[in-house]
Amino acid sequence: MADITEIKLDRAKQIAVEQFVTGMVTGSKTIGLYRAGHSIINQIGDRALALLTQALGQDTTLTFEVKAKQLVVNDAELPETADSALLASTLHTLGVGQVLFTNRLSRDGMLEFFKILIWKADEKTSLTDIQKAVQQIRIDGMQLTFVLSFVVTGEQAQADQPPGHLTEEQIQAYLAASTLSDYLYLLLKQNEPLIGKEAENVSGLLDGVLNRELSVEKFSEQMPWASYDARIKARFDEITGRPAGSPKTKGAGTRKGRPKDPWNAPRSITAYGVYTDGDVAIYHDHTVHEKNVGVANSMARVHFLLENPQAPSQPKFAVQAYTRFLIEMSRDGDVPGLLREYEFVKALSAKPELAEGMKQLETALQERLASAPFAARVVERLAEIAQDSEEFGEITSLLLFVGGEVLPLLLEEMRRLADKHTRAKLAALITTICLQWGAKALVEALKDEDYFLVSQVVLILGNLGSADFVKPIVPLLRHKHERVREAARKVLGKLGGAESRDAIAAFMLATEDTEEAKQAATALSLMQQEGVDSKLIEGYTISTDYDLQVHLVSAMARVGSPAVEELLHTAGKRTFWERIMGRKKELVEAAAKSLEEIAADKKRHHGA
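Residues numbered from 1 in each chain as written. Predicted model: local features only at pLDDT ≥ 70, side-chain atom pairs only at ≥ 80, totals over all residues. Heavy atoms only, no water.

Trainee: Tell me what's going on with the sheet that holds strand β3 (residues 76-77), and back it up with residues and numbers.
Mentor: Pairing between the strands of a sheet comes from backbone hydrogen bonds, and it takes one of two forms, parallel or antiparallel. Here 5 strands make up an open sheet; going across it, the order is β3-β2-β1-β4-β5 and the pairing antiparallel. Two strands close off the open sheet at either side, each with one partner strand: β3 and β5 (142-146). Bridge count between strand β4 (residues 96-102) and β5: 5 bridges; the pairing is antiparallel. Across the sheet, the residue bridging to V96 is F146, located in β5. Against the sheet, helix α1 (residues 11-31) makes contact with β1 (61-67), β2 (70-73) and β4, and its axis sits at roughly 70° relative to β1, the strand it touches most. (Pairing = 2+ DSSP bridges. Helix = DSSP H or I, 4+ residues; strand = E, 2+ residues; numbered from the N terminus. Contact = heavy atoms within 4.5 Å. Axes fitted to C-alpha atoms, helices over the stretch in contact; angles between N-to-C directions.)

See below:
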């Protein structure tokens, strides 16, 4: 069999496969920005399927083998790109060794695969948990082959492999590396196949320094050199210009502080292949300060052209440039800047000569201004201002202008909010937006698996006060989490209506939790509408839970219909034997107290 590196894809096939890989990576990232059910998600799935069809060509299957950061397609190496490396490393992390695509794959199957690609470990779910869960997933038209296996105890069959265990041959190869880039790349290729958290951290450090996301000094500080042979660290110090044992002086590692050795090819490649602390500072200064100055100057020019057009075509092109600036500000999360520009937009809208251009501007901004960084900065700002402040009103007006597309992004921020005061302000903001743009995103969020988010959304729907929300909230009375059930009972009682009344009454009788049944009885008794008394009486008659019966009798004081009074008189009586045995004492006392409250209420109304 020919060596795998000697096999090459047909050029047209290679382009089609690369486009499919890019489509999968982009699609999986994009769907994470939208809530389930959003129309764009299906469009992304259809687009990925179309790219798969092109990649398949006349074939019925397409096989991707995962080799760390390399994809092997139908036994031929795919040229490494940022997208192919990201897809391969993601699959490798999930323990996937091979993916087989067929022409039977459906859109739903493709979207399910995208969800796997963006599945991340968190404080509740470890990487091992995710790997186990992925192995249980079955997608029609696709086959996943795994390199990890799990025994019945739930532990990984393969033990963690700490980094730094090198053969003498490998050590000699690192010592022979003449440039820092070669040296780091060798370390990365040796470390990537290893399993374990420590190995993952090392791969992350190596990725960061090679991609210039981490300075070489920070890399050196965080690298677990103690796990490696001492010669490995010594060679690193030699290549970077700091021999082992020499003190780190101020400026060491920057171009200014490097030794005055000749600038030969290896030293030049080392110097420009990675970023030092000094390089990072320069880059930050350029991207933050110089960019801001440039944007401010350009924005001033655009303002001038919009306010003082010198030719018929100028406003049109100025509006296009202005739109791009505002979208970039949204992506940067520049809330104060957008608030300033929103005032400018309102002033421009009053000019007749700009009417057509401003209409186009508003349409473009409402479609594209909503972004995750923008939503995150809005919520950060809410934590710093009062709800009755002028700035809160300005932010509300800006978000009303942006439109309903910002709602899913704000709900994602709500998911992460721990401060109850900020949650209250965000809930008020979301409520206002829904009053103008509708609450479809909130209704979709009720299907989310995060109980905290669902409970917050239920309360917001209660604030909106529409009876249209009763139907989607009713099933939440049976939610697996107590907090959601509590919110659902509270809001259904607030929204009212026959459907809410019947749902709460049914829950009260169905639940085995006496405390929750009592809470349902209270919510039912607070609903001032027809038929509540009969539901309370029915609950008392059917229930065999003595504590619940006592609570129901107490709750009936809020209703006070003739039928309720009749039942209370009956409940307040005890047989001679029950008196002797001390039974039903609490029930009798509760019935008597409820009758007194009903009588007092009648007297107040009569006096009024």
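Trainee: So what's going on with the confidence of the model for the chain? Residues and values would help.
Mentor: Here the chain averages 80 in pLDDT, while 85% of its residues score no lower than 70. Per-element averaging of pLDDT across the chain places helix α29 (residues 576-581) at the bottom with 62 and helix α22 (residues 470-473) at the top with 94. Confidence drops under pLDDT 50 across residues 149-159; counting only partners more than four residues distant or on other chains, this segment forms 20 contacts. pLDDT under 50 marks residues 243-259. Its contacts with residues more than four places away, or in other chains, come to 23 contacts. (pLDDT = per-residue confidence, 0-100.)

Trainee: Please give an account of the layout of surface pockets that cites residues and values.
Mentor: Gaps between atoms show up when a probe of the same size as a water molecule is rolled over them. Considered as a void within the structure, the largest pocket measures approximately 1,900 Å³ in volume. Lining of the largest pocket is provided by 45 residues; of these, R35, I118, W119, R415 and D448 occupy positions nearest its centre. Of all the secondary structure elements, the ones that give two or more residues to the lining of the largest pocket are α1, α2 (39-56), α3 (82-93), α4 (107-117), α18 (407-416), α20 (440-445) and α21 (451-464). No other element matches the 6 residues that α4 contributes to the lining of the largest pocket. By residue class, the composition of the lining of the largest pocket is 20 nonpolar, 7 polar and 18 charged. (1 Å grid on protein atoms, 1.4 Å probe; cavity = no way out; pocket = protein on both sides within 12 Å on 5 of 7 lines; lining within 4 Å. Points joined across faces, edges and corners; volume = space filled by probe spheres on them. Nonpolar A, V, L, I, M, F, W, Y, C, P; charged D, E, K, R; others polar.)

Trainee: Outline empty space enclosed by the protein, listing residues and values.
Mentor: For the structure shown, the criterion picks out 2 cavities of 30 Å³ or more. Considering the residues around the second largest cavity, the lining is formed by L326, L338, E341, Y342, V345, L365, L369, L398 and F401. Those elements that provide at least two residues to the lining of the second largest cavity are α14 (335-349) and α17 (390-402). Take the lining of the second largest cavity: its biggest share by element is 4 residues, from α14. A breakdown of the residues in the lining of the second largest cavity according to their chemical character gives 8 nonpolar, no polar and 1 charged.

Trainee: Could you give me a rundown of the pattern of salt bridges, with the residues and numbers involved?
Mentor: Using the criterion set out here, one finds 20 salt bridges in the structure. Among the ionic pairs, D229 bridges to R231, the shortest N-O distance being 3.0 Å. Classification of D229 by relative accessible area gives partly exposed; the value is 26%. What makes R231 partly exposed here is its relative accessible area of 33%. For R415, the salt bridge goes to D448, with nearest N and O atoms at 2.9 Å. With R415 in helix α18 and D448 in the loop between α20 and α21, this pair connects stretches of sequence that are 33 residues apart. Looking at R415, the relative accessible area reads 22%, which means it is partly exposed. With relative accessibility at 12%, the residue D448 sits in the buried group. One salt-bridge network, held together by shared partners, links E412, R415, D448 and D450. (Salt bridge = Lys/Arg side-chain N within 4 Å of Asp/Glu carboxyl O. Buried < 20%, exposed > 50% of the residue type's maximum accessible area, 1.4 Å probe, protein only.)

Trainee: Lay out the packing of aromatic side chains in plain terms, naming residues and giving numbers.
Mentor: Considering all chains together, one arrives at 10 aromatic pairs under this definition. Judged by centre distance (5.6 Å) and plane angle (70°), the rings of F64 and F101 are edge-to-face. Taken together, the positions of F64 in strand β1 and F101 in strand β4 put the pair 37 residues apart, joining distant regions of the chain. Exposure class is identical for F64 and F101. Each is buried. Between W225 and F236, the aromatic rings sit 5.1 Å apart at their centres with planes inclined by 40°, giving tilted as the arrangement. Placement of W225 in the loop between α9 (216-222) and α10 (230-240) and of F236 in helix α10 is noted, with a sequence separation of 11 residues between them. Joined through ring pairs, the aromatic side chains of Y183, F219, W225, Y228 and F236 make up one cluster. (Phe/Tyr/Trp six-rings, centres within 6.5 Å; stacked < 30°, edge-to-face > 60°.)

Trainee: Tell me about helix α5 (residues 127-136), residues and numbers included.
Mentor: One turn of an α-helix holds 3.6 residues; hence residues three or four places apart share an orientation. All buried positions along α5 are accounted for by I130, Q131, V134 and Q135. Angularly, the buried residues of α5 cover 135° about the axis, an arc narrow enough to put them on a single face. The inward-facing, buried residues of α5 contact α3, α4 and β5. (Arc of directions from axis to C-beta.)

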